[in-house]
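Tertiary structure, described
The chain contents come next:
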Amino acid sequence: MSKSSIESDIAQGLHFIDEATGGVVPPIQPSTTFVRDADYELLRGRGYARDHNPGFEHAENMLCRMEGGADAKLFASGMAAAATVFQSLAPGDRVVCPSVMYWGLRGWLVDFAKTWGLDLVQFDATQDGALEQALDGRPAKLVWIETPCNPTWDVISIAESAKLAHDAGAVLAVDSTVATPVLTQPIVHGADLVMHSATKYLNGHGDVVSGALVTAKEDALWERIGVLRGEGGAIAGSFDAYLLQRGMRTVFLRVRQSSASALAIAKHFENDKRLERVSYPGLESHPGHAIAKTQMSGGFSGMLSFMVNGGAEAALAFIRRLKLFIPATSLGGVESLVEHRYSIEGADSPIPENLVRLSVGIERVEDLIADLDQALG
Ligand code: PLP
C-alpha cells in the first residue's frame with residue numbers, strides 16, 4: 001500500500017493500473033467461472049464467481065483502506081451483510097441491539113431471533129447506562145449498534161460499547177452507514193466489525209444496492225462470515241461492484257459537502273418557532289454532541305430530522321410543499337431526499353409522527369434552506 005493519505009489513495013482507486021491495458025480504471029469482469037490448469041488446480045486462485053470475483057475485490061480493498069480494517073467483503077445489500085453476521089450466530093446466543101436503529105433491520109432481526117432461537121435484548125440508546133443494564137453482567141455473543149441511529153440520530157459511544165461488549169465476551173458490530181469512514185472509523189474506537197449499506201453514501205449516486213462488512217481481524221468469525229456469504233450467495237454483482245468503486249472515489253468530497261450543508265441547515269432552523277426541534281448530532285444542543293465529537297471528525301453526516309409543530313398532518317403538509325427535496329426513501333446520495341418515517345413504518349413505530357427526515361445532498365445549500373423555509377410556510 002502506498003504512503004499517501006487515505007483520501008488520495010481512494011481518489012485514485014488505490015492507484016489502480018490495469019496490467020493488461022494500462023487503463024486507470026478497473027475493468028468489469030463478468031465471468032462466472034475461471035479456467036483451471038492441466039492438473040485441474042485453480043489457475044489464478046479463483047474458481048467460481050460466487051466465491052471469488054476480481055471486480056468486488058477492488059471495491060473491498062478500497063473500503064478496507066478507508067476503515068483501517070484487516071479485510072472487507074461486499075454483499076448484495078446492506079441487509080444481506082447484516083443478515084450474514086446474525087446467521088453466523090448459534091441458537092441460544094445472546095445479542096444486544098438498540099431499540100431504535102434502521103427499521104428494516106430491526107424488524108428482520110426480531111423475527112429472525114425468534115426462528116433462529118437467538119436471545120435478543122434491546123436497549124434504549126437515549127438512556128445512560130442502558131447497554132450495561134441490557135448486558136446484565138451475563139455473557140453475550142454480539143453487541144450490534146448503529147451510530148448515529150437512523151432516524152433520530154442518537155449517538156452511541158463506540159469505545160464504551162466496545163469495552164462493555166468485550167467484557168461480556170461479545171463482538172461489537174457497528175452499522176456505520178450514516179457516519180461513513182470519512183467521518184468515523186469504528187475499528188479505531190474498538191469495534192470488531194463494521195457494516196455499511198453501501199447503497200447509501202459509499203456509492204452515493206442512487207444507482208446501486210450493495211452492502212459491506214469490514215473486520216478488525218481475520219479470525220474464525222470472519223472465516224464463517226465468508227463461508228456464509230459464498231454458500232448463501234449474498235454476493236454483489238460485477239457491474240454493481242464497478243459502480244461502487246467509482247462512487248467511492250468521490251466519497252470524501254460528497255460526505256464533507258453534505259455534512260457542511262446539513263450543519264448549516266440545522267443551525268439555520270435550530271431556533272425556528274415552526275419546529276418543535278431539530279435533531280442533528282452537530283448541534284451543541286443535541287444530547288449526543290459531546291460523544292459525537294469524540295468519534296466523528298470532519299463533520300456529523302448529511303442526515304438530520306425536523307420535528308414539525310402540529311403532528312403527522314403538519315409534517316406531511318410540509319413535505320408536500322417542498323420543491324427541491326425529493327419525497328423518496330433512502331439516503332446518502334448527491335440529491336436531497338425527504339421522508340416521513342412514520343408513514344413508512346406504521347402505527348407500531350417508535351418514531352414520532354411529526355418527524356421529517358432529511359438526507360442532504362450536494363445541491364447549493366442556500367437553495368436547500370430556501371426550499372425548507374418556504375415549505376414551513
Ligand atoms: N443500515 C442503515 C442505517 C440503513 O439506512 C439501511 C437502509 O436504508 C440499511 C442498513 C439496509 O441497507 P440496504 O437497503 O442496502 O439493504
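Residues numbered from 1 in each chain as written. Predicted model: local features only at pLDDT ≥ 70, side-chain atom pairs only at ≥ 80, totals over all residues. Heavy atoms only, no water.

Now for the sheet that holds strand β9 (residues 303–308). With mixed pairing, five strands are arranged side by side in an open sheet as β8-β9-β12-β11-β10. Bordering the open sheet on either side are β8 (275–279) and β10 (326–327), each of which pairs with just one other strand. Pairing of β9 with strand β12 (residues 355–359) involves five bridges; the strand directions are antiparallel. Bridging from a neighbouring strand, F306 pairs with V356 of β12. The strands touched by helix α10 (residues 251–269) are β8 and β9; relative to β9, the strand with the most contacts, the crossing angle is about 20°. Against the sheet, helix α12 (residues 311–321) engages β9, β10, β11 (337–339) and β12, with an angle of about 125° to β9. (Pairing = 2+ DSSP bridges. Helix = DSSP H or I, 4+ residues; strand = E, 2+ residues; numbered from the N terminus. Contact = heavy atoms within 4.5 Å. Axes fitted to C-alpha atoms, helices over the stretch in contact; angles between N-to-C directions.)

Now for the side chain of D175. Relative to the elements of secondary structure, D175 occurs in strand β5 (residues 171–175). Although buried, D175 forms no salt bridge, and the nearest oppositely charged side chain, K200, lies 8.6 Å from it. At 2.6 Å, the side chain of D175 and the side chain of T177 are in polar contact. Residues within four places of D175 in sequence aside, it is in contact with W144, I145, E146, T147 and M195. (Buried < 20%, exposed > 50% of the residue type's maximum accessible area, 1.4 Å probe, protein only. Lys, Arg positive; Asp, Glu negative; His and termini not counted. Salt bridge = Lys/Arg side-chain N within 4 Å of Asp/Glu carboxyl O. Polar contact = N/O pair within 3.5 Å; in protein donor to acceptor, adjacent residues only side chain to side chain.)

This part is about empty space enclosed by the protein. Using the criterion set out here, one finds one cavity of 30 Å³ or more in the structure. Volume-wise, the largest cavity comes out at about 30 Å³. As for the largest cavity, its lining consists of T147, P148, I158, S176, A179, T184, Q295 and M296. Split into classes, the residues belonging to the lining of the largest cavity amount to four nonpolar, four polar and no charged. (1 Å grid on protein atoms, 1.4 Å probe; cavity = no way out; pocket = protein on both sides within 12 Å on 5 of 7 lines; lining within 4 Å. Points joined across faces, edges and corners; volume = space filled by probe spheres on them. Nonpolar A, V, L, I, M, F, W, Y, C, P; charged D, E, K, R; others polar.)

Quick look at the environment of L275 now. When you line up the elements, L275 lands in strand β8. When its relative accessible area of 8% is taken as the criterion, L275 is described as buried. Distance from L275 to P98, taken between C-alpha atoms, is 27 Å for residues 177 residues apart in sequence. The contact partners of L275, leaving out residues within four places of it in the chain, are F269, F306, M307, V308, N309 and L376.

What follows deals with the state of the cysteines. Counted under the stated rule, the structure contains zero disulfides. For the unlinked cysteine C149, the closest cysteine sulfur is that of C97, found at 9.8 Å. C149 sits in the buried class, given a relative accessible area of 0%. (Disulfide = S-S within 2.5 Å.)

The next thing to look at is the site of the ligand. Around the ligand, 14 residues are found, and the nearest of them are M79, D175, S197, T199 and K200. Contact distances for the ligand include 3.2 Å between an oxygen atom and a side-chain N or O atom of N150. Side-chain polar atom of S197 to an oxygen atom of the ligand: 2.8 Å apart, as the coordinates give it. Of all elements in the fold, only α3 (78–87) and β6 (193–197) reach the threshold of two or more residues within the shell around the ligand. Residue classes in the shell around the ligand are distributed as four nonpolar, seven polar and three charged. (Near = heavy atom within 4 Å.)

Nonpolar side chains collect at one region of the surface, where I17, V24 and V25 lie side by side and expose about 250 Å² of accessible area between them. Checked against the element boundaries, V24 lands in the loop between α1 (6–11) and α2 (54–67). (Patch = residues over 30% accessible without salt bridge, like charges linked within 9 Å, V, L, I, M, F, W, Y side chains within 5 Å. Areas by Shrake-Rupley, 256 points an atom, 1.4 Å probe, with all protein chains shown as cover.)

For the rest of this paragraph, the subject is the packing of aromatic side chains. Counting across every chain of the model gives seven aromatic pairs. Ring geometry for F86 and W108: centres 6.1 Å apart, planes at 50°, overall tilted. Of this pair, F86 sits in helix α3 while W108 sits in helix α4 (residues 103–116), and the two are 22 residues apart along the sequence. When the ring of F86 is compared with that of W144, the centres are 4.9 Å apart and the planes differ by 40°; the resulting orientation is tilted. In this pair, F86 is assigned in helix α3 and W144 in strand β4 (residues 142–146), connecting sequence segments 58 residues apart. Neither residue differs from the other here; F86 and W144 are each classed as buried. In textbook terms, an aromatic cluster arises when at least three aromatic residues are bridged by ring pairs, as seen for F86, W108, F112, W116 and W144. Looking at R229, its charged tip hangs above the ring of F75, at a distance of 5.8 Å from the centre. (Phe/Tyr/Trp six-rings, centres within 6.5 Å; stacked < 30°, edge-to-face > 60°. Lys NZ or Arg CZ within 6 Å of the ring centre and 35° of its normal.)

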